[in-house]
Amino acid sequence: RLIVLCLIALALVIPPPASALDATGWSQQSIYFLLTDRFSNGDTANDNYGAFNADRNDPRKWHGGDFQGVINKLDYIKSMGFTAIWITPVQMQRHVNAYHGYWTYDFYGVDGHLGGMSKLVELVNTAHAKGLYVMLDVVANHTGDFQPFNGFAASPFDRFDWYHHNGDVQNYNDQWWVENGDVAGLDDLNQENPATAGELKNWITWLGTQTGVDGLRVDTVKHAPKWFWRDFDAAANTFTLGEVFSGDPAYVADYTNYLDATLDFPLYYTINNVFAKDQSMWQINGRFRDDWRYKNKFTNGVFVDNHDVHRFLCDATGRPGANWDKWPQLKAALGFAFTIRGVPIVYYGTEQGFTGCNDPFNREDLFDSFNTANPLYSYIRQLNAAKRAHPALQDGWQEEKWVNDSFYAFQRWKNGDEAVVCINNGWGPQSVNVPNL
């Protein structure tokens, strides 16, 4: 397995970091995504907040990670070369298993397990002082599962007509059900009610003003109406990266007409097939043929795994005859993700070789694993260094130069800066004459 990166710099100009990130600014970044509760415990005094005690022996309970822990480890992230972090939702939860933050109870509260609003602001300010941007995960489709036995979420989201009451989604191929049914029993908000939609817009404006974050990752986008996301995006007044969990590029890409960008789930499935499962690299050729569908392909969020799917090293087949040897596949996938169009996003623990499969086992604690001598940590730092030094690898134009079942080559360029990337996805050496460079 080998990725070769050839760089040609002609009158190279490296733009300074943007003071406020628009879509163009985000297209030039690389993001480290972390689950706050599973990253680092900087303050043990908040571990048992709200009587929902931290228990690291139970993978479904709170473990104690918090904003102070993230603050303490910002240099670990920055030294790997990342320019931004994405943290999981911060809203107040009310469940022993809500460590992830996606089951909101109080939209206008920040969960005490994490440290509260003042500590969140300190995290954002400290990250900014270190030259790191902050992306915050937000949920506007649903609350936690409180109905019908435990009332509603906290005021003002405590009104019957602010919710749909259709039960769980019955047919994921029917968009009406996707938008109007409960996801896994979570109480589905009724954005068609002007009061509900208005309050969600008020909340996101308030949250951005209070925290000073630089962008939003927006959860469960396909489960709310598209027109709502356009209004939500305007109220947020910052960059929005939507999660549309689907492998269909036509379906995913249309949401970029309502939010600024989307996570590139179609490409994720291609990366998994090609690099983890040794399938044909012609799939990459086919996937890039759909790039015209996106409003701005350079802002697609590119990832090899995340908290909702298996970690890459769980799925990787490994070297034939030595299937434990999976790192070459991961390194090829990461090299591809960092050099193609889009914003590379690395899931915490990848740099330490984490291998978890199904949720929650793909949400391991990093707490005691901050090993900067790990070869994967060093490799990601090298990839980030190349990306930061060359505008061609940020938002430069991209053109395919060669493809066969186990070899892929492409060229990128911007303002005289050029890069040629060649990826051997086989387990042995290859000799390829790449034309027209």
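Calculation rules
Going along each chain's sequence as written, the residues are numbered from 1 onward. pLDDT decides what is reported in this predicted model: residues at 70 or higher carry local features, side-chain atom pairs at 80 or more are listed and counted, and totals for whole chains, interfaces and linings draw on all residues regardless. Excluded from the side-chain calculation are hydrogens and water; included are all heavy atoms of the structure. Lines fitted to the C-alpha atoms define the axes, with helices restricted to the stretch that makes contact. Angles between their N-to-C directions range from 0 to 180 degrees. A helix here means a DSSP run of H or I that spans at least four residues, while a strand means a run of E at least two residues long, and both kinds are numbered starting from the N terminus. Whether two residues are in contact is decided by their heavy atoms, any of which lying within 4.5 Å being enough. As a working rule, the residues Ala, Val, Leu, Ile, Met, Phe, Trp, Tyr, Cys and Pro are called nonpolar, Asp, Glu, Lys and Arg charged, and the rest polar, with Gly in that last group. Whether two aromatic rings pair depends on their centres lying within 6.5 Å, for rings of Phe, Tyr and Trp, where Trp uses its six-membered ring; planes under 30 degrees apart make the pair stacked, over 60 edge-to-face, and the rest tilted. Relative accessibility thresholds used throughout: buried, under 20% of the residue-type maximum; exposed, over 50%; partly exposed, between the two (1.4 Å probe, protein chains only). In this scheme, Lys NZ or Arg CZ marks a charge over a ring once it lies within 6 Å of the ring centre and within 35 degrees of the ring normal. Criterion for a salt bridge: a side-chain nitrogen of Lys or Arg within 4 Å of a carboxyl oxygen of Asp or Glu. Strands pair, by our definition, only if DSSP identifies at least two bridges between them. Think of it as the arc spanned by the lines of direction from the helix axis to the C-beta atoms.

Undergrad: So what exactly am I meant to see when it comes to the packing of helix α5 (residues 116-129) against helix α7 (residues 194-211) here?
TA: Helix packing geometry: the angle between the two helix axes and the distance between the axes. Orientation of α5 relative to α7, taken along the N-to-C sense of each, is 65°, at an axis distance of 9 Å. Along its contact with α5, which presents M117, L120, V121 and V124, the element α7 presents W206, Q210 and T211. Residue composition of the contact of α5 with α7, by class: five nonpolar, two polar and no charged.

Undergrad: Would you take a moment to explain the packing of aromatic side chains for this structure?
TA: Any two aromatic rings considered together are summarised by their centre-to-centre distance and by the angle between their planes. Per the stated rule, a full pass over the model turns up 33 aromatic pairs. Their ring planes at 45° and their centres at 5.1 Å tell us that Y76 and Y377 sit as a pair that is tilted. Here the residue Y76 occupies a position in helix α4 (residues 74-79), and Y377 occupies one in helix α14 (residues 375-389), the gap between them amounting to 301 residues. Its relative accessible area of 7% is what places Y76 among the buried residues. When the ring centre of Y255 is taken as reference, the NZ or CZ atom of K226 above it lies at 4.8 Å. Sitting above the plane of the Y379 ring, K331 keeps its charged end 4.9 Å from the centroid.

Undergrad: Just to check I follow, could you spell out the pattern of salt bridges for this structure?
TA: Any two side chains of opposite charge can pair, on the condition that their charged atoms come close. Tallied over the full model, the rule gives 20 salt bridges. With a closest N to O distance of 2.9 Å, R217 and D219 form a salt bridge. A relative accessible area of 0% means that R217 is categorised as buried. Here E399 and K401 are joined by a salt bridge, their closest N and O atoms 3.5 Å apart. In this structure E399 comes out as partly exposed when scored by relative accessible area, which is 35%. Residue K401 is classed as buried on the basis of its relative accessible area of 15%. One connected set of salt bridges, linked through shared partners, spans D137, R217, D219 and E243.

Undergrad: Explain unusual backbone geometry here, please?
TA: The general pattern is negative phi for most residues beyond glycine and trans for most peptide bonds. P148 follows Q147 through a cis peptide bond whose omega is -5°. By the secondary structure assignment, P148 is in the loop between β6 (133-138) and α6 (175-180). Note the cis peptide between S155 and P156, where omega equals 5°. Its place among the elements puts P156 in the loop between β6 and α6. In the Ramachandran plot, A184 falls in the positive-phi region, its phi being about 55° despite a non-glycine side chain. Here A184 is to be found in the loop between α6 and α7. Classification of A184 as exposed rests on a relative accessible area of 68%. One non-glycine residue, T220, lies in positive phi territory at about 45°.

Undergrad: For this particular structure, what's the right way to read the sheet that holds strand β3 (residues 84-87)?
TA: Strand pairing within a sheet occurs via backbone hydrogen bonds; the two strands may be parallel or antiparallel. Spatial ordering of the open sheet is given by β9-β8-β7-β6-β3-β2-β11-β10, a layout of eight strands whose pairing is parallel. In this open sheet, the two strands that pair with only one neighbour each are β9 (261-262) and β10 (301-303). Judged from the four bridges that link them, β3 and β6 form a sheet pairing that is parallel. Among the inter-strand pairings, W86 is bridged to a residue of β6, identified as M135.

Undergrad: Would you take a moment to explain helix α8 (residues 226-236) for this structure?
TA: Each α-helix winds once per 3.6 residues, and so residues spaced three or four apart point in a common direction. Of the positions making up α8, those classed as buried are F228, W229, F232, D233, A235 and A236. The buried residues of α8 occupy one face: seen down the axis, they fall within an arc of 160°. In this structure, the buried residues of α8 make contact with β6, α7, β7 (215-218) and β8 (239-242).

The values are spatial; any link to function lies outside them.
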